[in-house]
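# Examination of the molecular architecture
This is what each chain is made of:
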Amino acid sequence: MTATDPVANLQTLIRCPSVTPAEGGALTALEAMLAPLGFKVDKVRASEEGTPDIENLYARLGGDGPHLMFAGHTDVVPVGDEAAWTHPPFAAEISKGELFGRGAVDMKGGIACFVAAVARHIEKNGPPAGSISFLITGDEEGPAINGTIKLLQWAAERGERWDACLVGEPTNPDRLGDMIKIGRRGSLSGRIIVHGIQGHAAYPHLADNPVRGMLQLTQALMDPPFDGGTDDFQPSNLEVTTVDVGNPATNVIPAKASASFNIRFNDSWTVETLRAEILRRLEAAAVDGQLRPGREPVKYDIVWADRPSHVFLTRNNALIASLSSAVESVAGRSPKLSTTGGTSDARFIKDYCPVVEFGLVGQTMHMVDERVTVADLETLTAIYEAFIDRWFAHAGS
């Protein structure tokens, strides 16, 4: 097998059914691509009580000089209704110029292209003028506990240091060259529990309906807006994602109600200031008597979710310029520098080195018939190869 062909690389990876948390042979296949190129490959199993063990991979080529990391994940989401797929989800079949399979876009395709780009760079120029490493996790689509964050710690404890990182997530909304992600909004989640008094719906004065209190609290979380956005980020946005009273009876006022929420926030906030603002809003809403006239303030608890994601923005000009010029030279478009979308493993990497994200078009990720055009695989490989050349030239100057 030649690693210079991104289509063959991707077909090999897709044929490994690596649905989170299963490794499925994907990391073994990746090792078989990288070892012949001269990479030293380590498999790292990470564990934590209450979560599945995860297989990860770290591979490095080179010694002294600038160090460029490529990061990504070989785990994929479940296929859903396999009968609804036009082509089997792990067959990696090509039809009418498109390669079908789970992970084709998110994000085995990005890995396949970067491997091909590195192989072509070595074939043309020899080893890089520095180091290239692959940091590949097996649980990005899962709880993200035993993957990138622990693999980074493992590598750093062994003396690994990086000057820049490219994450191969599918960042382009419509066409290759549309968008580079240079940061991500933060993410904070929590759950509110409102305590009431259970009773008969016909005798509300003998009960205290927690739903009324919950309506007051959730409205205060969603209105007014937290901010109007910043120069680099969209406005912060809070969504109530679940509301539950656990009550199947229509004539019973429940004893409690709970609601979960998630807010994606910009650089107007930190996790600490955002928590303080949310608590301020809840306290003010709890004493509002509009829905509960004559009642005591709403009794509630709030439980914050573990591991909030912090907002970040990459300002490394050498990294951004090298990637932007590579995209423009190959795809003929000037990419938008964006911070939109959800979270990614870049939120962990940013603590170790500057990081940006660029990969395939994401229109079919997580869908039935996830697929990528063969032409896009070749184009992305060419972009990655041009980026490698430019980044090392810039970093070594």
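As a starting point, this report considers the structure included with it. (Residues numbered from 1 in each chain as written. Predicted model: local features only at pLDDT ≥ 70, side-chain atom pairs only at ≥ 80, totals over all residues. Heavy atoms only, no water.)

### Describing the sheet that holds strand β4 (residues 94–95)
Taken in spatial order, the three strands line up as β4-β5-β19 in an open sheet, and their pairing is antiparallel. Of all the strands in the sheet, just β4 and β19 (371–373) have a single pairing partner and so form its edges. Pairing geometry for strand β5 (residues 98–100) and β19, over three bridges, is antiparallel. The residue bridging Leu 99 from the neighbouring strand is Val 372, located in β19. Relative to β5, helix α1 (residues 6–14) is tilted by about 20 degrees, and along the sheet it contacts β4, β5 and β19. Against the sheet, helix α9 (residues 374–395) contacts β4, β5 and β19, and its axis sits at roughly 70 degrees relative to β19. (Pairing = 2+ DSSP bridges. Helix = DSSP H or I, 4+ residues; strand = E, 2+ residues; numbered from the N terminus. Contact = heavy atoms within 4.5 Å. Axes fitted to C-alpha atoms, helices over the stretch in contact; angles between N-to-C directions.)

### Some remarks on the nonpolar core
With 60 residues, the main nonpolar core has Phe 114, Phe 134 and Phe 358 as its most contacted residues. Apart from the residues within four sequence positions on either side, Phe 114 is in contact with Leu 68, Phe 70, Ile 132, Phe 134, Leu 166, Tyr 384 and Ile 388. Within the second largest apolar cluster, 25 residues are counted, among which are Leu 188, Trp 269, Ile 278 and Val 298. (Core = buried A, V, L, I, M, F, W, Y, C linked by side-chain atoms within 4.5 Å. Buried < 20%, exposed > 50% of the residue type's maximum accessible area, 1.4 Å probe, protein only.)

### Some remarks on the sheet that holds strand β15 (residues 299–304)
Across a sheet, paired strands are connected by hydrogen bonds in the backbone, their directions being either parallel or antiparallel. Here four strands make up an open sheet; going across it, the order is β12-β14-β10-β15 and the pairing antiparallel. Single-partner strands in this sheet number two, and they are β12 (237–244) and β15. The sheet shows a mean angle of 20 degrees between the axes of neighbouring strands, direction not considered. Sheet topology places strand β10 (residues 186–195) next to β15; six bridges connect them, and they run antiparallel. Bridge pairing in β15 places Arg 191 opposite Val 303. Lying on the sheet, helix α5 (residues 210–222) is in contact with β10, β12, β14 (256–265) and β15; it crosses β10 at an angle near 160 degrees. On top of the sheet, helix α6 (residues 271–286) reaches β10, β12, β14 and β15; it is set at about 165 degrees to β15, its chief contact.

### As for the packing of α1 against helix α2 (residues 26–34)
With their axes 9 Å apart at the nearest point, α1 and α2 run at an angle of 150 degrees to one another. Regarding the angle of α1 to α2, the classification is roughly antiparallel. In contact with Asn 9, Thr 12 and Leu 13 of α1, α2 contributes Ala 26, Ala 29, Leu 30 and Met 33. (Parallel < 35°, antiparallel > 145°, perpendicular 65-115°, else oblique.)

### Some remarks on a nonpolar patch on the surface
A grouping of Val 211, Leu 215 and Leu 291 is seen on the molecular surface, where their side chains present a nonpolar patch of about 220 Å² in accessible area. If you trace the backbone, Val 211 turns up in helix α5. (Patch = residues over 30% accessible without salt bridge, like charges linked within 9 Å, V, L, I, M, F, W, Y side chains within 5 Å. Areas by Shrake-Rupley, 256 points an atom, 1.4 Å probe, with all protein chains shown as cover. Salt bridge = Lys/Arg side-chain N within 4 Å of Asp/Glu carboxyl O.)

### Some details on the environment of Val 303
Looking at where Val 303 falls in the secondary structure, it is placed in strand β15. Assessed through its relative accessible area of 41%, Val 303 is described here as partly exposed. Between the alpha carbons of Val 303 and Gly 63 there is a distance of 47 Å; along the sequence they are 240 residues apart. Excluding residues within four positions of it along the chain, Val 303 makes contact with Gly 190, Arg 191 and Ile 193.

### Focus on the environment of Leu 323
Within the secondary structure layout, Leu 323 lies in helix α7 (residues 317–331). For Leu 323, a relative accessible area of 0% puts it in the buried group. Leu 323 sits 321 residues away from Thr 2 along the chain, and the two C-alpha atoms are 25 Å apart. Residue contacts for Leu 323: discarding those within four places in its chain leaves Leu 166, Ile 180, Val 356, Phe 358 and Phe 387.

### Focus on the packing of α7 against α9
One can describe the packing of α7 onto α9 by two numbers: an axis separation of 8 Å at closest approach and a directional angle of 140 degrees. Relative to α9, the element α7 lies oblique. As for the relative orientation of α7 and α9, their crossing is right-handed in sense. Residues Ala 318, Leu 319, Ser 322, Leu 323, Ser 325, Ala 326, Val 327, Ser 329, Val 330 and Ala 331 of α7 lie in contact with α9, whose contacting residues are Thr 379, Ala 382, Ile 383, Ala 386, Phe 387, Arg 390, Trp 391 and His 394. (Left-handed = near helix turned anticlockwise from the far one by under 90°.)

### What to know about helix α4 (residues 148–157)
Those residues of α4 lying buried are Thr 148, Leu 151, Leu 152, Trp 154, Ala 155 and Ala 156. Those residues of α4 that are buried are in contact with β1 (40–48), β2 (51–61), β3 (67–73), β6 (131–137) and α8 (346–349). At the C-terminal side of α4, Gly 159 shows a positive phi close to 90 degrees.

The values are spatial; any link to function lies outside them.
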